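# Structural overview
Now for the letters of each chain:
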Amino acid sequence: MNTKKIYAGLPKQGSNTSQAIPQGITSCSKKPHGRSTFLTLTLGLFLFSSCEKYLEVGLPKTQLTAKTVFESDATATAALATTYLRAGDFAGGGANSITLISAYLADETDSYTTSQPLQQLANGQPIPSNSVLSTLWNNLYTVIYQSNVLIEGISNNPKISPASYKRLHGEALFLRAYAHLSLSSLFGDVPLALSSDYRSNALLARSPSSAVYSQVISDLQQAKELLGDTYASYNNERIGANRWTASALLARAYLYSGDYTRAQSEASLVIGSPLFSLPPLAQVFLKNSNETILSYRPAANLVATPEANIFILTARPQQLALSASFHSGFENGDARKTNWTAKLTTGGIDYFYPFKYKSRNSSPLTEYSVILRLAEQHLIRAEASARLNQLPAALADLDLLRQRAGLPKLSDSQPALGQTAVIDAVFKERRSELFTEWNHRWVDLQRFGKATSLLPLVKPDWKPHVLLLPIPEADMRSNPNLVQNPGYQ
């Protein structure tokens, strides 16, 4: 077996593990260690650096063994924190993140990048050797692997208190579900990794997306039962999973899998929580806003979110900008256009850009990267209601968001809309509300059957097989049981 390739995506030299620092963890100035033996990595997975202040619980500087990692509530909690750190590699809008990759893939942006892998995505012509997709794949499977190690390490462990066990187990299940769901939404059928046995993981075949969704749903249902309903474990900052984050992601999973009744019910639970409300547009992306269900806090040494650094233009774009057609597609009077987009004119050319995150230099930070928020739950419930032909209920949810955006209520202006028209209204509202957040637009183009008609208008060489991204070439070579998606052979 090739000992330099573990399917589960072990950390690489120079990996950034400080994208988001949960409470109780300080970032390290040293680079992570290079690769070690399989045994050391398996046992010492959760320490990527030996810096003295990596953990506040006073652990030794040497790489931890599994026994040390799980010998107390404090050390097990630190292990969970490092899994959140790795999750930060695909969270937010940083390099190799789902947000950035999907902004190139979808129809929201024009590309100005000189990076060949990103150009491939923007042109709708990714190839299996695309390094950006390979990094994302590995980061997602690293989160899954770490979650599995944590679940196994705390199970039947008398040194972990019952309260800590419930919380740690629930959050690990949530993170595993989020990573699997993200993988399936981009690659379709993917290997379903449910243990830390790297030998079997390295040879896993792809599971049908239906099986992946079933496991995601099962994980999230368990997480809901295990987790509390506050953010007390994170000093009341909305940067860690609780029962509501599990419900919010569960609502999305039900929606994507076509279980509209359960999607409607789960979203209603989140909407009914007193923790969440719809603030004015200018406050949505402030840290710990009332709309935030889950966010990632950038590292302590950063002064802006990755989204602000990438999307806000101060000169001619070097990566991407909102396309003029997307920018002009907002409904007249939509305050999201004026609040969440902006324009830079340079060299006599107007460039539009996402302006949801407004601060590129703030100390202390005023914004966190929002991962789950209440508006999506209203859109999930609206779509589920529409597909169940409960049209007044669907319009009621859409109208809440439209009113916040300064638009007339559809229930007043177009009360006789039929089911197809209401579903189209949901699609349009999702476009205006969720643009350049995670992969919402990319997935919506597929789910609503709009990709083949809309994407060729902005990507002349785009082909339908790109709706499923290529399985990374290196993984195809190392795992004989993997089969490539059609169109990439």
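For the structure itself, consult the block above.
Everything in this summary refers to the structure shown in the same document. Everything quoted here is computed from the prediction, not taken from an experiment. (Residues numbered from 1 in each chain as written. Predicted model: local features only at pLDDT ≥ 70, side-chain atom pairs only at ≥ 80, totals over all residues. Heavy atoms only, no water.)

With that out of the way, let us pick up the overall build of the chain. A tally of regular secondary structure across the chain gives 21 helices and six strands. The buried share of the chain, reckoned over its 489 residues, is 59%. Put simply, of all contacts in the chain between residues at least 6 apart along the chain, 72% involve residues at least 24 apart. Looking at the chain as shown, the accessible area adds up to about 18,600 Å², and 51% of this sits on carbon and sulfur atoms. (Helix = DSSP H or I, 4+ residues; strand = E, 2+ residues; numbered from the N terminus. Buried < 20%, exposed > 50% of the residue type's maximum accessible area, 1.4 Å probe, protein only. Contact = heavy atoms within 4.5 Å. Areas by Shrake-Rupley, 256 points an atom, 1.4 Å probe, with all protein chains shown as cover.)

Attention now goes to unusual backbone geometry. Phi is positive for Asn236, close to 65 degrees, though the residue is something other than glycine. Although it is not a glycine, Trp438 adopts a positive phi angle of roughly 45 degrees. By the element assignment, Trp438 lies in the loop between helix 18 (419-434) and helix 19 (440-447).

This paragraph deals with the pairing of strand 5 (residues 349-354). Pairing of strand 4 (residues 341-346) with strand 5 involves six bridges; the strand directions are antiparallel. Opposite Leu344, over in strand 5, you have Tyr351 as the bridge partner. If you look at the hairpin formed by strand 4 and strand 5, you'll find two residues sitting between the two strands, and Gly347 has a positive phi there, around 60 degrees. (Pairing = 2+ DSSP bridges.)

So, on to the pairing of strand 6 (residues 369-373). The two faces of a sheet get side chains in turn, since along a regular strand they alternate between them. Of all five residues making up strand 6, five are buried, and the element is well covered by its neighbours. Pairing of strand 2 (residues 292-296) with strand 6 involves four bridges; the strand directions are antiparallel. Its bridge partner being in strand 6, Thr292 is matched across the sheet by Arg373.

This paragraph deals with the packing of helix 7 (residues 162-187) against helix 10 (residues 243-256). Running from N to C, helix 7 and helix 10 cross one another at 30 degrees; their axes reach a closest spacing of 11 Å. In terms of orientation, helix 7 lies roughly parallel with respect to helix 10. For the pair helix 7 and helix 10, the sense of crossing is left-handed. Packed against helix 7, whose contacting residues are Phe174, Ala177, Tyr178 and Leu181, the element helix 10 presents Thr245, Ala246, Leu249, Arg252, Ala253 and Tyr256 at the interface. By residue class, the composition of the contact of helix 7 with helix 10 is eight nonpolar, one polar and one charged. (Axes fitted to C-alpha atoms, helices over the stretch in contact; angles between N-to-C directions. Parallel < 35°, antiparallel > 145°, perpendicular 65-115°, else oblique. Left-handed = near helix turned anticlockwise from the far one by under 90°. Nonpolar A, V, L, I, M, F, W, Y, C, P; charged D, E, K, R; others polar.)

For helix 16 (residues 391-404), with 14 residues, the first-to-last C-alpha span of 20 Å sits near the 20 Å given by 1.5 Å per residue. Listed in full, the buried residues belonging to helix 16 are Leu391, Ala394, Leu395, Asp397, Leu398, Asp399, Leu401, Arg402 and Arg404. In this structure, the buried side of helix 16 is in contact with helix 11 (260-271), helix 14 (335-340), strand 6, helix 15 (374-387), helix 17 (410-413) and helix 18. At the exit of helix 16 stands Gly406, carrying a positive phi of roughly 80 degrees. (Expected span 1.5 Å × (residues − 1).)

On to the environment of Ala202, then. Relative to the elements of secondary structure, Ala202 occurs in the loop between helix 8 (198-201) and helix 9 (209-226). The class of Ala202 is buried, set by a relative accessible area of 10%. In sequence terms Ala202 and Ser478 are 276 residues apart; their C-alpha atoms lie 7.9 Å from each other.

Before going further, it helps to examine the side chain of Glu437. Within the secondary structure, Glu437 sits in the loop between helix 18 and helix 19. Engagement of the side chain of Glu437 in a polar contact is seen with the side chain of Lys356, the distance being 2.6 Å. Separated by 2.7 Å, the side chains of Glu437 and Arg373 make a polar contact. Other than its neighbours up to four places away in sequence, Glu437 contacts Thr99, Phe285, Lys356 and Arg373. (Polar contact = N/O pair within 3.5 Å; in protein donor to acceptor, adjacent residues only side chain to side chain.)

The next point concerns the packing of aromatic side chains. Inspection of the entire model under this criterion finds 15 aromatic pairs. Aromatic side chains Phe330 and Phe435 sit 5.6 Å apart centroid to centroid with 80 degrees between the ring planes, which places their arrangement in the edge-to-face category. Placement of the pair is Phe330 in the loop between helix 13 (324-327) and helix 14 and Phe435 in the loop between helix 18 and helix 19, with a sequence separation of 105 residues. Grouping residues by exposure puts Phe330 and Phe435 together as buried. An aromatic cluster is present here, built from Tyr84, Tyr234 and Tyr296 joined pairwise through their rings. The ring of Phe435 has Lys356 lying over it, and the distance from NZ or CZ to the ring centre is 4.1 Å. (Phe/Tyr/Trp six-rings, centres within 6.5 Å; stacked < 30°, edge-to-face > 60°. Lys NZ or Arg CZ within 6 Å of the ring centre and 35° of its normal.)

Most of helix 4 (residues 98-105) is tucked away, with eight of its eight residues classed as buried. Listing the buried residues of helix 4 in full gives Ile98, Thr99, Leu100, Ile101, Ser102, Ala103, Tyr104 and Leu105.

As a further point, take the environment of Phe352. Relative to the helices and strands, Phe352 is located in strand 5. Using a relative accessible area of 17% as the deciding quantity, one classes Phe352 as buried. Counting along the chain gives eleven residues from Phe352 to Thr341, while the straight-line C-alpha distance between them is 6.8 Å. Apart from residues lying up to four places away in sequence, Phe352 is in contact with Leu313, Ala321, Leu322, Ala324, His327, Ala342 and Lys343.

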